[in-house]
Every structure is written in structure tokens, then in C-alpha cells.
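Descriptive structure summary
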Amino acid sequence: MPGMSNLSKRLGVLRARAVTAAASWAVVATSVPVLALGIGAVPAAAAPLPGGLGPCVPGSCPDPFPGIGNGPIAGRDAAVNIFVGNDFLVRGRAAEAEGRVVVLDDFDQNKDSAAGGLYNLGIVGVGSRVPPPNGSDFLTTGGDVTIASGQRLDTTGGLLGEQGVVRHAGTESGTVTGQLVHDATAAQPYRALRGELTVASRCYARVAGQPRQATGTAVNQGSQTLFTGDGTSALQVFNVDFDLTGPTGGQQGIVFRNIPAGATILVNVLGPDRTINTYSGGIDDSTDPLNAYRERLLWNVPDALSLHLTGTGQMQGSFLVGEQSSMTTVTLPGVNGRFFTAGSLTHTSTATGGGGQEFHAYPFTGDLPDCTPTPPVTGEVRIRKTDADTGAALAGARFELWHETNDMPGLQTAGTTPDTRISVCTTGTDGNCAHTVQPGTYYWRETQAPEGYDLPTPDVFGPLTLTPQNAGTGIGEVVGDTETNRPAPTGSIRLTKRDAKNGAALAGAVFEAWRETNGVGGLQTTGARPDTRVGAGCATDAAGHCSFGDLPLGDYYLRETAVPEGYVMPADPVSGPYAVTAANSTTGVAVAVTNERGEPCKGKDC
């Protein structure tokens, strides 16, 4: 593979020495405490990176991910491995970027012509060997894809039957091995990530403007920077406000000690311009303890406008660069982990010598501080518009929702300090209006009745008070409108007179109907405030029937004033009250009354 000859040779040697390598690992494992290797701990209960970034997207994720190698494909990972908020520039003798790559602006490849002009993306010759699913998007850009003349961007990895999609919103020029898809909205699903990564990076580094409380120390000792943990915390936090370089800017080692098993390591690299120049990290996981932290180590760079990652090491862990105007320049032979920057990225080589720089796809599975803002408590305030008589839902009622904000009782919609109008809504066929709000006191005001209906008086409904306790179910009210010019509903009372002994129908019984109007219990027919007699008297027919119709809704009494011949007047000739309602207005109220037999006489002399 162009630019990879030295690394491939080293891998070949390692494979040839498989037994020796295994033995070497055993030696390392016995000389380094198990806790320091980060094996087998219960993960911290915290949060992942924003947007679901970090873990392998299931399908065929290997467990565990293999070490750096050039063996057969070990699995598939649909997750984003490299995210670039601005431009991704490929320069010098850079060779490969493994995994899915998302660039919000331009991808521009213009390598050193002496390097052969090939850049592998998605599937690479050497790495974790866990590429994206075959035929899926390997590169997504919100801008242009520009490949210099005589160069090639390859998404096949040189494997028969493998091919990735390069989905671009802008133009494409140059040679791409893979499927090209022009999509004006290609980067749209990822644009929010840029801001989320910036916010998260700043949150991981600082709390209320002050550096996040460290759990350990980071000391630049010249030949190495030593990170010493507290030995217990599930999240190990280190704050670094210096370059990780030797005394004259040269290479140094990176060493972690006293890290609990399975702990997440968060290194906040603070300051406006930073350099990491290291020889640490190995191709063979058994040769450098730093490799053991790879999937739970995050290098967080919240401030730097310029970040340089250089040296001869295989850098381990994921990177998060939060500054959106930043430029990260990578000349390390390998970066092994996710790489997310809100700014720009240049993948290149040093000015003299070397080549074959690579990004290798490894997940980040650590548990970070929870930087998700706690959402406010909210709930629905509802109103339902119905026909006042039938209860049927009404469409076309227009409502305003007002928030009580002026601390004056009731709703004020005008004046110098009115309450606050929140929304306007017109009911649909279900008769409903609803709005999601935070706890407080609210009013609905009906400003337009459905066609054919009158506005109610009053037209304001509430107060409706939403609290944290009732927010889950919300609060609401049902209000009715009356049809314009609709006559008031009326009902009827249908009476049946029968013989008390044999049930035979009796003709000739005479009744009066009285409406309860004076608010005093029982029937009052005389005095200063009698109830109201309705209509004329009614005599039962041969079937014993007598009816009173067109009765306004209300309570009624029936008073018997004459009995059929041969029957006696009841001791109490008044029965009721009988309720005439909208519900029974169409069917009427059925009443049965009986008489006892007596002397064959009738009237007042009986």
C-alpha cells in the first residue's frame, strides 16, 4: 500500500512472532497492575458523547475490537468515526482514514505528488479492520469533494466487491473509486452535531466557568507526562494547561497510573494553542500499556485554535476539539479512536521524511459528565369546544391562550400591564385546542364561535393552573356554544292513569302541570310567590293517556283536579317533581298515576 510500507513490514514481523508477542503480553500483564490496564470494571453511571456518537453501531460489531492489524475484515461499524465541522484537508503523505467520515464543508485532497496520490477512506489496509457496512455512506460532505489531478480517493480498500458511497452536497472533481451521489441535503442530519460538540467540550472542561474538579494530577516530567489517578473514581478527570512535549518541544511519553479498572479517563487539554508530541502507543497492544485505555480515553480540547498532534507514536483514545474556528493538524503515524472536531482538520505528514499517516476506527465507550440540560417541566393546557345541547365536538372555534403574568386576578388583555398571550388556535373536527407550556396559570379566551353558533358569555375560561404534579396529564376544560337562533329545547310529560287494583286504563281524570319557579321545595299554587302553571288542564282519554308538551327545560309537578267517575281523589293529588332535560327532551317523561275505587261521584262534594 503506498505510504504504508514500513508499517506493513512491522505488522508482518509481529504476525510472524505471534507466540513471542503473546508471551510479551503476559510479561507486561504481570509487570503492570491489572487496575492500570482498565480491565473488567463496572462503568460509571453518566452520559455518552452527544448525538449518540462514540459506540459502535450494532449490526456486526466485534467484541472486543481487534488490535491494529491488516487481517481480514473483523466486523462492520456504521457509526461516525471522524466528524469535521469545517474542512477536511488531506496533504503531504497521509494515507488512510478508517470508518465513516462526515465533513460539514469541503473534503479536499491534494497530497505530495511523490506519495503516490492515493488516500483510502472507509476501508483501509491497516487498522481495526472494522469498516462501515458495504455499500453505505463512507464519506458525507456538506460542500465539495475535490481530488487533485493524478490522485485518487479510494473507498474499496482494494477489495473485490467492496465499495462505499461518497455523498456530497456540493461539486465533485477528480477521481473517486466508489459510488458518487450528489445530495443537496447530504450533511443536514449532522449539522446540529457541531454545536452540540462545542457545548459538550466546554462542559467537560469547565463547570460554572471554573475548570472541572480533577480527580488526579498531570505532571510534565520532561521525558514523559505522568497522569496519576485517585484509584477509585469511575470517571478520572485530568486538567492539562501545558503542551505534552519534551523540554525543547521534542517527543515524550504518556503514562497513566492508579487508574481503576474500567474507569473513563477524561483529559482536558486547556489553552489557546496546544501540541502533543509523543512516541507512546504501539501497533501491538502488548507493547504499550497506553493501548489498554483506548476505548475509554477522551482527549478533550475545548479552547485551542491550533492543535498539533505529532511524533512517532500510535496515539490512543478519542479526540474532541470544541473550538469551531480551530485547525487540527495530524502528522502522527496513527490516531486510534474517534476523532470529532467542530473546526477543521488537516491530515498530513511531517515536512521531512516519513509518511503513511492513518486514522484507525475504534469506538469510544466511556461514561462522561452529563452535559444535557435538564428539560423544563411542561404539560398540556387544553380546551374542547362542543355543542351546548348535544355535546358534539365543534370545529372552527378560535381561541387565544393567555398566561397570567401581571399578578392581577382574572384575565387582562388590554391596558398598560396585560397578561401575556401565548398562542392562537382554531379547533379541528375533534373540537380540541391544546398547547404545551411550563407550570403557571392560564386562561382560554374564545374570540370566534364556530359558524352558526353564538359566542358564549362570558368568553373567558379559567383560571387553569398547571403544576409539576399535574403536568403529566395536563389540564383542560370543556365549553359549549349554542346555535344562532336555535329555539330553546323543550320536552314533554306523558301521563297514564290506571285503576290502582286491576291496572285498567281510566278515562276522565283531569290534571294541571306546574313548573317549579320559586325555588321553594314542593308545589305552591297560591301565595305571594306561587310556582307557575303551564298550559291548560288535560283529561285522560280512553287509554288513560294525557300529555303536556312544549315544556321548557326544568322541574314540573302534576296536580290532579278531577277523578274518573266511581273513583276517589288521592290523599295528595300532587306528584313530582319530574325533571324535563335536554337528555329526555325527545323521548319525554313517562308518569304513571293510579286511583282507588269509591262511591260513584266526583267533584268537590265527594
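Predicted model only: the values in this text are computed from it and were never measured.

**A look at the overall build of the chain**
- Within the chain, the secondary structure is distributed over three helices and 46 strands.
- For the chain, the C-alpha radius of gyration of 42 Å lies well beyond 25 Å, the compact-globule estimate for 606 residues.
- With respect to the three principal axes, the spread of C-alpha positions in the chain is 135 × 60 × 50 Å.
- The burial tally for the chain puts 48% of its 606 residues in the buried class.
- Here the contacts in the chain between residues at least 6 apart in sequence split such that 66% fall between residues at least 24 apart.
- Summing over all exposed atoms, the chain offers an accessible surface of approximately 26500 Å²; the carbon and sulfur share of this is 53%.
- Averaged over its 40 positive side-chain charges, the chain has a centre that lies 4 Å from the centre of its 57 negative ones.

**Describing the environment of Pro439**
- Mapped onto the elements of the fold, Pro439 is located in the loop between β34 (432-437) and β35 (440-448).
- Under the relative-accessibility criterion, Pro439 is labelled partly exposed at 32%.
- Counting along the chain gives 134 residues from Pro439 to Pro573, while the straight-line C-alpha distance between them is 59 Å.
- Residue contacts for Pro439: discarding those within four places in its chain leaves Val377, Leu466, Thr467 and Pro468.

**A short note on the domain arrangement of the chain**
- Partitioning the chain into structural domains gives domain 1 (62-360), domain 2 (379-483) and domain 3 (490-595).
- The C-alpha centroid of domain 3 is placed 43 Å from the C-alpha centroid of domain 2.

**A few points about the confidence of the model for the chain**
- Averaged over the chain, the pLDDT score is 89; the fraction of residues at 70 or greater is 91%.
- Residue range residues 1-45 is modelled with pLDDT below 50. Its contacts to residues more than four positions away, or to other chains, number 61 contacts.
- Taken together, the stretch residues 601-606 has pLDDT below 50 and engages in four contacts with residues farther than four places along the chain or on a different chain.

**A short note on the packing of aromatic side chains**
- Enumeration over the complete set of coordinates arrives at 13 aromatic pairs.
- Their ring planes at 80° and their centres at 5.3 Å tell us that Phe227 and Phe238 sit as a pair that is edge-to-face. Separated by eleven residues along the polypeptide, Phe227 in strand β17 (residues 224-228) and Phe238 in strand β18 (residues 235-240) bring together distant segments of the chain.
- Judged by relative accessible area, which is 0%, Phe238 ranks as buried.

**So, the sheet that holds β34**
- Read from one edge to the other, the open sheet built from four strands follows the order β34-β31-β38-β36, with strand pairing classed as mixed. Looking at the sheet topology across the chains shown, the edges are occupied by β34 and β36 (453-454).
- Where strand β31 (residues 379-387) meets strand β38 (residues 475-483), seven bridges bridge the pair, whose relative direction is parallel. By the bridge assignment, Asp387 is partnered in β38 with Asp481.

**Here's the deal with the state of the cysteines**
- For the coordinates displayed, the defined rule picks out four disulfides.
- Sulfur-sulfur distance for the disulfide between Cys56 and Cys61 comes to 2.0 Å. Sign of the S-S torsion, about -90° for the bond between Cys56 and Cys61, identifies this disulfide as left-handed.
- The residue that forms a disulfide with Cys425 is Cys433, at a sulfur-sulfur distance of 2.1 Å. Taking the torsion about the sulfur-sulfur bond, which here is approximately -90°, the covalent link between Cys425 and Cys433 counts as left-handed. Considered together, Cys425 and Cys433 belong to a single accessibility category, that of buried residues.

**A word on the pattern of salt bridges**
- Taken as a whole and assessed by the stated rule, the structure comprises 20 salt bridges.
- In this structure, the salt-bridge partner of Asp137 is Arg167, at a minimum N-O distance of 2.7 Å. Linking Asp137 in strand β7 (residues 137-141) with Arg167 in strand β10 (residues 165-168), this pair joins segments that are 30 residues apart in sequence.
- Taking the shortest distance from any N to any O, the salt bridge between Glu400 and Arg421 comes out at 3.0 Å. With a gap of 21 residues between them, Glu400 in strand β32 (residues 398-403) and Arg421 in strand β33 (residues 420-426) connect regions that are remote in the sequence.
- Members of the salt-bridge network, linked through shared partners, are Asp137, Arg167 and Asp183.

**A look at the pairing of strand β23 (residues 306-311)**
- Pairing of strand β21 (residues 273-278) with β23, which is carried by six bridges, proceeds in the parallel orientation. Within β23, the position partnered with Ile276 by the bridge is Leu309.
- By the bridge criterion, four bridges tie β23 to strand β26 (residues 327-330) in an arrangement that is parallel. Residue pairing in the sheet places His308 in a bridge with Thr329 of β26.

So, how was this worked out
- Residues numbered from 1 in each chain as written.
- Predicted model: local features only at pLDDT ≥ 70, side-chain atom pairs only at ≥ 80, totals over all residues.
- Heavy atoms only, no water.
- Helix = DSSP H or I, 4+ residues; strand = E, 2+ residues; numbered from the N terminus.
- Rg over C-alpha atoms; globule rule 2.2 N^0.38 Å.
- Buried < 20%, exposed > 50% of the residue type's maximum accessible area, 1.4 Å probe, protein only.
- Contact = heavy atoms within 4.5 Å.
- Areas by Shrake-Rupley, 256 points an atom, 1.4 Å probe, with all protein chains shown as cover.
- Lys, Arg positive; Asp, Glu negative; His and termini not counted.
- Charge placed at Lys NZ, Arg CZ, Asp CG, Glu CD.
- Domains from an automatic or database assignment.
- pLDDT = per-residue confidence, 0-100.
- Phe/Tyr/Trp six-rings, centres within 6.5 Å; stacked < 30°, edge-to-face > 60°.
- Pairing = 2+ DSSP bridges.
- Disulfide = S-S within 2.5 Å.
- Salt bridge = Lys/Arg side-chain N within 4 Å of Asp/Glu carboxyl O.

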